[in-house]
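Structural characterization, general
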Amino acid sequence: MDFLLLLLASGLVSGAAYGLIAMGFALIFKSTGVVNFAQGELVMLTAYISFTLYSTFDLSFFPLMLVTIPISMAIGLALERLFIRPMLGEPIFAIVMVTVGLAVVLRGITIMIWGPDPFNFNAGIPTEVVELGGVPFYPAQLYLIGALAVLTAAGWAFLRFSRMGIAMRAVAANETAALLVGISVSRIHAIAWMLSAAIASIAGVLFAANFKLAPDLWFQGLRSFPAVILGGMDSVIGSAVAGLVIGVIENLFQGYVGQGLREISGFIVIVIVLMVRPFGLFGSRDIERV
Amino acid sequence: MLALNNIQILYDRAIEAVRDVSLEVPQGAIVALLGSNGAGKSTILKAISGVLYQEDGEIMSGSILLEGERISGAAPRDIVRRGLLQVPEGRALFSTLTVEENLVMGGFTRSRSETAAGLETVYGLFPRIKERRTQISGYLSGGEQQMVAVGRALMGRPRLLMLDEPSLGLAPQIVETIFEAIVKLNAESAMTVLLVEQNAQLALQTASYGYIIENGRIVLDGPAETLRSNQDVQEFYLGFSGGERRSMRDVKHYKRRKRWLS
Ligand SMILES: Nc1ncnc2c1ncn2[C@@H]1O[C@H](COP(=O)(O)OP(=O)(O)OP(=O)(O)O)[C@@H](O)[C@H]1O
Ligand SMILES: [Mg+2]
């Protein structure tokens, strides 16, 4: 029983990281139709920047994020303007290839600046263990789960009630019609990249605080893919939930079936899910009615 | 109010969809643009709204003027801000959004208070969609969807409203509701209308002036009554059986004209 609880708890922690990264994916995919293969690298780069800010100014977590997030948003905006915007009108496949190239470049730049050795980075989060329902947690673990909860709620409210959030869904639904009501589609794309980069930085910092800050952080982007697909690619809230599901499943597999199965269990799950529901658990089935 | 001067439009820099089209929509008028499938009607509306680039279309020559100012080349958002709104062909709703979200997006360029007032106006015109305000628009009936599409455009406070085949595939009763609303807005708030239709009967009853386009060219234009009583239009457009005169010239004429019937 205790073993199960522990597995569930650590599953929720790694699942929260998947969920956050998947949310960033979904946000860009939903409003621009692009699968951003550089999302993992965005997570990595922003975490390293945050690390430098932390070691330079010795900030605690919230002030640190207050500085990290705007910088990350600026990076997201710059990437969109410099590399994605000029590709407008090209086939989606070509744009996706640009993000693949971008991923390699960002990875290279990060390793060039910060080197290949891992750092300890607690992001200004306290380190004394706290106990919750008999399960011991590090505060960083609770911050990660808390961040997912807060961002999921905020994301839901934003997409549902704010004009900009509704406009984002409108662009996803019908780009030409969005232009015809006066929505600037390119501005929506830029906002999607900015918000996605903000979420990436939160994911990156909290992941690094829980595990370590190392150049293989980008790989979490790929590891989050089952969550992205399970969430249905374009559901921001769905990806968050799917992240938790995948995290828990992975840990249960590891605990009860075998070590090596952890890595592939997520992918096994999505194969099964896709056979039953091709649009993921939460994705939008295209509404077609004439 | 709106003037197109010798517009030529190419798709993919190769396919000529519109050639040398000039037309004028005077302030406060309802003008009809009639033509059969593929004549170039939607292409013209897309050019006016500035969204041709989405389909690799381009205005190669000519100009589009709104109150004497050139709008060809302007961003769609700026064209909307200047009060030029379009109800696109096939409705093109934001199908995953609710009815009210669709309408609120229609007022995207307007202030919050204008949006609130706009909702009231639209729901007043189309009470049926008020009942469905929280429903996902993609699941509405075709008629209800068309009301949402018209309502969404009205939310942008159009000074000139363009409608692309609003009657297509709808029951007569719904067509009547929609056309009544348009005529009412035209009469009461001086909203100018450019109406694209294949249903010439309906369009020429509603409009005061009409243009007939065929293969990307304007082949005939005139006041609605003149067009209605025009022999060619009657025979080949309104579906009246023709008179007795049949010269060779008429036959040739017929062959040319009948294309916009098919
Ligand atoms: N995206 C496009 N790319 C290439 N050619 C196009 C495109 N859209 C339209 N065309 C061509 O341009 C011409 C005019 O098309 P348009 O859609 O304007 O006609 P329409 O008068 O609106 O017809 P309908 O009554 O069927 O809607 C047609 O020959 C069509 O094949
Ligand atoms: Mg058309």
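First things first, this report covers the structure right here in the doc. Residue numbers run consecutively from 1 along every chain, following the written order of its sequence. All chains are assigned letters beginning at A, and all ligands numbers beginning at 1, according to the order in which they are written. Selection of residues for local features in this predicted model requires a pLDDT of at least 70, selection of side-chain atom pairs for listing and counting requires 80 or more, and totals for whole chains, interfaces and linings are taken over all residues. Derived side-chain values reflect all non-hydrogen atoms in the structure, with water molecules and hydrogen atoms excluded from consideration.

This part takes up the coordination of the magnesium ion (ligand 2). All names here are of chain B. The donor definition counts N, O and S atoms within 2.8 Å of each metal and applies 3.2 Å to Na, K and Ca; water is not among these atoms, so some sites may look incomplete. Within the protein, Ser42 (OG) and Glu89 (OE) serve as the donor atoms for the magnesium ion (ligand 2), at 1.9 to 2.4 Å. Of the two residues, serine 42 sits in helix H1 (residues 41-49) while glutamate 89 sits in the loop between strand S6 (84-87) and helix H3 (99-106), which places them 47 residues apart along the sequence. Whether a residue is buried, partly exposed or exposed follows from its accessible area with a 1.4 Å probe, protein chains only, as a fraction of its type maximum: under 20%, in between, or over 50%, in that order. A relative accessible area of 40% means that glutamate 89 is categorised as partly exposed. Only runs of H or I of at least four residues qualify as helices and only runs of E of at least two qualify as strands under DSSP, and these elements are numbered from the N terminus.

For the rest of this paragraph, the subject is the environment of Met168(A). Take Met168(A): it is sitting in helix H6 (residues 163-173). By definition in these notes, contact holds between two residues if any of their heavy atoms fall within 4.5 Å. Each residue touching Met168(A), except ones within four places of it in the same chain, is listed here: Leu27(A), Ser31(A), Phe158(A), Leu159(A), Ile188(A), Ile191(A), Ala192(A) and Leu195(A).

It is worth spelling out the pairing of strand S4 (residues 57-66) of chain B at this point. Residue and element names in this part refer to chain B. DSSP calls a pair of strands paired once it identifies at least 2 bridges connecting them. Here strand S1 (residues 2-11) pairs with S4 via eight bridges, running antiparallel. Bridge assignment links tyrosine 11 to a residue of S4, and that residue is glycine 57. As defined by bridge partners, S4 adjoins strand S5 (residues 69-70) across two bridges and the pair is classed as antiparallel. Across the sheet, residue leucine 65 finds its bridge partner in S5, namely arginine 70. Between S4 and the antiparallel strand that follows it, S5, lie two residues; glutamate 67 among them carries a positive phi value of about 50 degrees.

Moving on, we come to unusual backbone geometry. Residues and elements named next belong to chain B. Positive phi, normally seen in glycine, also occurs at alanine 92, with a value near 45 degrees. Mapped onto the elements, alanine 92 comes out in the loop between S6 and H3. At asparagine 215, a residue that is not glycine, the phi angle is positive and equals roughly 50 degrees. Its location among the elements puts asparagine 215 in the loop between strand S9 (209-214) and strand S10 (217-223). Given a relative accessible area of 49%, asparagine 215 falls into the partly exposed group.

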